[in-house]
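# An overview of the molecular structure
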Amino acid sequence: MEHHQLGGAARGGVRPGPRIIVCSTLALAFFLLAARFDLSERLGRALLRQEHWQLDELALSLLLLVLALAGFAVWRGRQVAALLAQNRALTQRLLRAQEAERCALARELHDEVGQNCTAIRAAASYILRARDGDQANVQACAASIARASEALHAMVRSMLHRLRPPVLDSLGLAPALQALCDSWAQQHGIACRFAPHCIPAMLDDSTAIAIYRLVQEGLTNVARHAQADRATVELRADAGGTLHLAIEDNGRGLRQDTPEHGGFGMLGMRERVAGLRGHIHWINALGRGLRIEVAMPLAAGAA
């Protein structure tokens, strides 16, 4: 709604708001009042009488303060504009990724489900029309139905795992991360060790899924960019109610020409952590490799 209103205002011309009109009127009234009573001259003479307090230097000091505040406001405005641009880019990337995932799921449903359903329908139709003594063909059709059903079940499990790992709900965060590290190591041929310490048995869903996705994205970046042969994932909770996550590899580390806010993967991780009032840091190891450190309050997801 606000977007359309702003667009309409832009098309109809720029109109000063009530606050601008009030400020302009007050400024004009003050100028007329100052010109009528020579306020600047009176203030100057009053300050000269207080020379021992150096009050005559106050005007220049205040002017310098105003200029400094104006410079700071400009800098903050540019910083906010850059953050808004990054958020817009991240939003567009997330929308494209969401649409790509929907297309992939639709394609799999069309191809796999359609093919297997056709096979089941054909086998079932043959069984219904089969005559006595055609036991061999009936058994073959039943076996075909069983194979198609297993293929459908495997496809559904794969889709469910892509949408949300079932082990996260059935066994909890630590077993889900262990399974993730094991499957990732097997898939990419990179040794991966998971080290949990004092993880609460019951974590809120927002924190658990955020940690899982952070590890997933971190390991994906290791496989794509790090050229490492070993990775470590550490997760622990301290006595102060803070959850600490560390993802470390022995690869080539963060490149020097990496943008200040990183790529979309790093930006997505940063936004996910910030949404739970946490902090994330990328640290180049002294020897070789990269270490990602995350800290977030345990109760962040409930806020």
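Everything here concerns the structure above.
This report concerns the structure included in the present document. Residue indices begin from 1 for each chain and proceed along its sequence in written order. Selection of residues for local features in this predicted model requires a pLDDT of at least 70, selection of side-chain atom pairs for listing and counting requires 80 or more, and totals for whole chains, interfaces and linings are taken over all residues. Derived side-chain values reflect all non-hydrogen atoms in the structure, with water molecules and hydrogen atoms excluded from consideration.

## Let's talk about the sheet that holds strand E2 (residues 230-237)
Strand pairing in a sheet relies on backbone hydrogen bonds, with the paired strands running either antiparallel or parallel. Basically, it comes down to this: DSSP calls a pair of strands paired once it identifies at least 2 bridges connecting them. In this text, helices come from DSSP runs of H or I with a minimum length of four residues, and strands from runs of E with a minimum of two, each type numbered from the N-terminal end. Axis angles are defined between N-to-C directions and span 0 to 180 degrees, where every axis is a line fitted to C-alpha atoms and, for a helix, only to the segment in contact. What makes two residues a contact is simply this: any of their non-hydrogen atoms within 4.5 Å.
Across the sheet, 5 strands lie side by side as E1-E2-E3-E5-E4; this open sheet has mixed pairing. On the outer flanks of this sheet lie strand E1 (191-197) and strand E4 (279-284), each paired with one strand and no other. Each adjacent strand pair in this sheet contributes to an overall mean axis angle of 10°, direction not counted. Pairing geometry for E2 and strand E3 (residues 242-249), over 7 bridges, is antiparallel. Across the sheet, residue Arg236 finds its bridge partner in E3, namely His244. The strands touched by helix H7 (residues 173-188) within the sheet are E1 and E2, with E1 carrying the most contacts at an inclination of about 170°. Against the sheet, helix H8 (residues 205-226) makes contact with E1, E2, E3 and strand E5 (290-297), and its axis sits at roughly 15° relative to E3, the strand it touches most.

## Comments concerning the layout of surface pockets
The gaps left among the atoms become clear once a water-sized probe is rolled over them. This is how the line gets drawn: Buriedness for pockets is judged along seven lines, at least five of which must meet protein on both sides within 12 Å for an open set on the 1 Å grid over protein atoms alone, while cavities are sets there where a 1.4 Å probe fits but cannot get out, and lining residues have an atom within 4 Å of a point. Grid points are joined across faces, edges and corners, and a volume is the space filled by probe spheres set on the points.
By volume, the second largest pocket is sized at about 260 Å³. What lines the second largest pocket is a set of 16 residues, and nearest its centre among them are Leu168, Gly172, Leu173, Ala201 and Leu203. At the level of secondary structure, the elements contributing two or more residues to the lining of the second largest pocket comprise helix H6 (166-170), H7 and H8. Top element by residues in the lining of the second largest pocket is H7. It accounts for 3 residues.

## Concerning the packing of aromatic side chains
Filter applied, for reference: Note on ring pairs: Phe, Tyr and Trp rings are taken, using the six-membered ring of Trp, and paired if centres are within 6.5 Å. Classes follow the plane angle, with under 30 degrees stacked, over 60 edge-to-face and the rest tilted. Three labels apply to residues, based on accessible area from a 1.4 Å probe with only protein chains included: buried if under 20% of the type maximum, exposed if over 50%, partly exposed otherwise in between. For a lysine, the NZ atom is tested; for an arginine, the CZ atom; a charge sits over a ring if that atom is within 6 Å of the ring centre and within 35 degrees of the ring normal.
Using the criterion set out here, one finds 1 aromatic pair in the structure. When the ring of Phe72 is compared with that of Trp75, the centres are 5.8 Å apart and the planes differ by 40°; the resulting orientation is tilted. You can see Phe72 and its partner Trp75 sitting in helix H4 (residues 58-129), 3 residues apart, about one turn around the helix. On the basis of relative accessibility, which here comes to 49%, the residue Phe72 falls in the partly exposed class. Its end group placed over the ring of Phe37, Arg36 keeps NZ or CZ at 5.3 Å from the ring centre.

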